[in-house]
Amino acid sequence: MAYEQLAKDILAGVGGKENINSVVHCTTRLRFKLKDEKKADDDALKANDGVVTVVKAGGQYQVVIGTHVDKVYDTLLAQGNLAGGGQVDDDYEDTSDMSLTDRFIDLISGIFTPFLGALAAAGMIKGLTSAAASLGWLSQTSGTYQILYAIGDSFFYFLPIIIAVTAAKKFNLDQFVALGIAASMVYPNIVAINDSKNVLMTLFKGTFVESNIHVTFLKIPVIMMNYSSTVIPIILAVWFASHVQKLAKKIIPEMVQLFLVPFFTLIITVPITFLVIGPVASWASDALSALFQGIFNFSPILAALLMGGFWQVFVMFGVHWGFVAVFYAELASQGFDQILLLSVSVCFAQIGVVLGIMLQTKDPKTKALAIPAFISGIFGVTEPAIYGITLPRKKSFALSCIAGAIGAVCFALGNVKTYSMAGMGIFAFPMVIGKNGVDATLYWTFASIVVSFIAGLLLQLILGKSAVDPEGEVAKGKAAAVAQAASEAADINEHAVKVQQAQNTYNQATKLVSPLAGQVLALSDVKDEVFSSGAMGQGLAIEPSEGTLYAPADGHVALVFPTGHAIGLNTTAGAEVLIHIGMDTVNLEGKGFETLVEKGQEVKTGDPLVKFDLEAIKAAGYEVTTPVIITNSKNYHQVKALATGQVTVGQALLDLE
């Protein structure tokens, strides 16, 4: 009820609910997408005591509220009868004006980016383990091999479960509901049904979408497929579930939403996934394989161009399984296959482009991701290369497709046949060794791989440079992150000033203990004018000797920066404390920081808040000097230091009188 008038004022200030296309909120801001920003009254909003300021950026009309923005947001939705889009990250960018292709790439990249490091690591482990077995260094029956291979392969096998976590964040779905959906899709008994020899019936017999039915759901035939290692089915399932959840929240009474919303979301989404999403993917696979079989019979070179050029797209949409089925059918009927092998060139086209990007990029983060992506790609694991390196750079992805098509043509020209299923990457060589042993097919395979790699590398070096670090994207990203951090910190300070102006009273006296072990410095000694000038508030700084930040008083967490480098705390005595670990450490984008608390969490004096790697921060070229600022200093007569020199955690630090 306390925010009703503020919500009404904001609705009026942005031009009324009829002027709102969409609204979401981040840590401190309401982020509107308005039909006409000219209808918004900037001055009226800025003059409102409940509004810190107004910012126009990235096609958004941002009304800065403060750390209680979530309560204002909920009231705003109720007042304006708006649907809303929920909470978003502080670096949220609206994608509604993007083309469908750009939005798809942004979605896929956003889903994969959080786990790219682990994905690349798993790919390297899987590839190196397979290589060790192929070279005879490890036996495939040994425990060592099985454990190492499980480390690498399980990440890819259970990829739908991993994707469910990040996709849930993208679509505002309960994370554990998303995990439940994904777990159902790769549940061992479900996977086993797909391979069952018990056939209840056959649908569409005699057509390319002929499907054996092994099980029914409420007497409805279920066309099963293997969802392990797939990408698009789980993304579609999570997207669908997010809409089911939203509808359920509107219908189900709030007092029973905790368990009934997940109940109905799961019980509706999972069957729909098996009954609709699965069959669509299965039919698409069968249709594509039938089409390519016909094209290959007409012209092997045309089939090679198409297969090599579009294989990565087929894998992304999970429709490549139809080719695998055709491969085994051809192998059984004539002892060889010539279609699936055309996709082998793609692995080497990818890593050729990735190598080109490694040579061209000036961004250390891109280079760090490209190295393991390159290594895993050699062994046929190209997901890290696709989702982390080439796909976000659309031009580079297109070049890898072209290079893959060029390499595939060599397979067609050499009339190369494959006689077994071994794997992708360098593991393709055993596939082409038949009863005649080493012959021309092996040499054509080697030539095709070399051509694919060189084509990818040259195309990227000649045509792809502009896509690597477009328009100083690295510098832009760092500048944006710094601006965001400074803006959020300013929001806290300005909000504290407004509270003081409104109350015109002083807080009760209180004391804070040291949140760090280290050397106490005067605030004026900090090499950052924002802090040293006292513009943010009074306080002091600590040069930490240990990498853990603790709560300086009882209270609750008011603000947690996504990068983990700064945290805001409201003490039970009324002090608003901002602790900023290091200078310009926002540029590290969270590397070296581990946040141990969440926004709104109650904490006691001495509770650990953030862990940070002192040596890693210093090695990256950043100072670790940590200001401890009382952002509502004007609520006190005096902020006095109680410690000098070396301090330990829990030692009396500041006296707020």
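Residues numbered from 1 in each chain as written. Predicted model: local features only at pLDDT ≥ 70, side-chain atom pairs only at ≥ 80, totals over all residues. Heavy atoms only, no water.

Regarding the pattern of salt bridges
Definition in use: The salt bridge definition used is simple: a Lys or Arg side-chain nitrogen within 4 Å of an Asp or Glu carboxyl oxygen. Secondary structure counts use DSSP, requiring at least four H or I residues in a row for a helix and at least two E residues in a row for a strand, with both numbered from the N terminus. Each residue gets one of three labels from its accessible area relative to the maximum for its type: buried under 20%, exposed over 50%, partly exposed in between, using a 1.4 Å probe on protein chains only.
By the definition in use, this model includes three salt bridges. Between Asp655 and Lys511 there is a salt bridge; the shortest N-O distance is 3.9 Å. Residue Asp655 is located in strand β22 (residues 652-656), and its partner Lys511 is located in strand β9 (residues 510-513); the two are separated by 144 residues in the primary sequence. We classify Asp655 as buried; its relative accessible area is 10%. Close ionic contact of Glu623 with Lys527 constitutes a salt bridge, the shortest N to O distance being 3.6 Å. With Glu623 in the loop between α22 (614-619) and β19 (626-630) and Lys527 in the loop between β10 (518-522) and α21 (529-532), this pair connects stretches of sequence that are 96 residues apart. For Glu623, a relative accessible area of 33% corresponds to the partly exposed category. Assessed through its relative accessible area of 68%, Lys527 is described here as exposed.

Focus: the nonpolar core
Note the threshold: Side-chain atoms within 4.5 Å are what join buried Ala, Val, Leu, Ile, Met, Phe, Trp, Tyr and Cys residues into a set we call a nonpolar core. Any two residues having at least one pair of non-hydrogen atoms within 4.5 Å are treated as being in contact.
Phe112, Ile163, Ile181 and Ile234 are the most contacted members of the largest nonpolar core, which totals 43 residues. Not counting residues up to four positions away in its chain, the partners in contact with Phe112 are Leu119, Ile163, Val231 and Tyr387. By size, the runner-up hydrophobic cluster in this structure holds 39 residues, among which are Phe296, Val344, Ala373 and Phe411.

Regarding the confidence of the model for the protein chain
Inclusion rule: The predictor attaches a confidence to each residue, and that confidence, scored 0 to 100, is pLDDT.
Looking at the protein chain, pLDDT values average 82 and 85% of them are 70 or higher. Ranking the helices and strands of the protein chain by mean pLDDT puts helix α8 (residues 175-185) first, with 95, and helix α20 (residues 473-503) last, with 49. Contacts for the low-pLDDT stretch residues 472-483, under 50 throughout, to residues beyond four places or in other chains number seven contacts. Note that pLDDT drops below 50 for residues 497-504; the model gives that stretch nine contacts with residues more than four away or on any other chain.

Topic: the sheet that holds strand β16 (residues 593-595)
As a reminder, the rule being used: Two strands pair if DSSP finds at least two bridges between them. Lines fitted to C-alpha atoms define the axes here, with helix axes fitted over just the stretch in contact, and angles between the N-to-C directions of these axes take values from 0 to 180 degrees.
With antiparallel pairing, three strands are arranged side by side in an open sheet as β12-β18-β16. Two strands bound the open sheet, and with one partner strand each, they are β12 (548-550) and β16. Ignoring strand direction, the axes of neighbouring strands in this sheet form an average angle of 20°. By the bridge criterion, three bridges tie β16 to strand β18 (residues 608-612) in an arrangement that is antiparallel. Residue pairing in the sheet places Phe593 in a bridge with Phe612 of β18.

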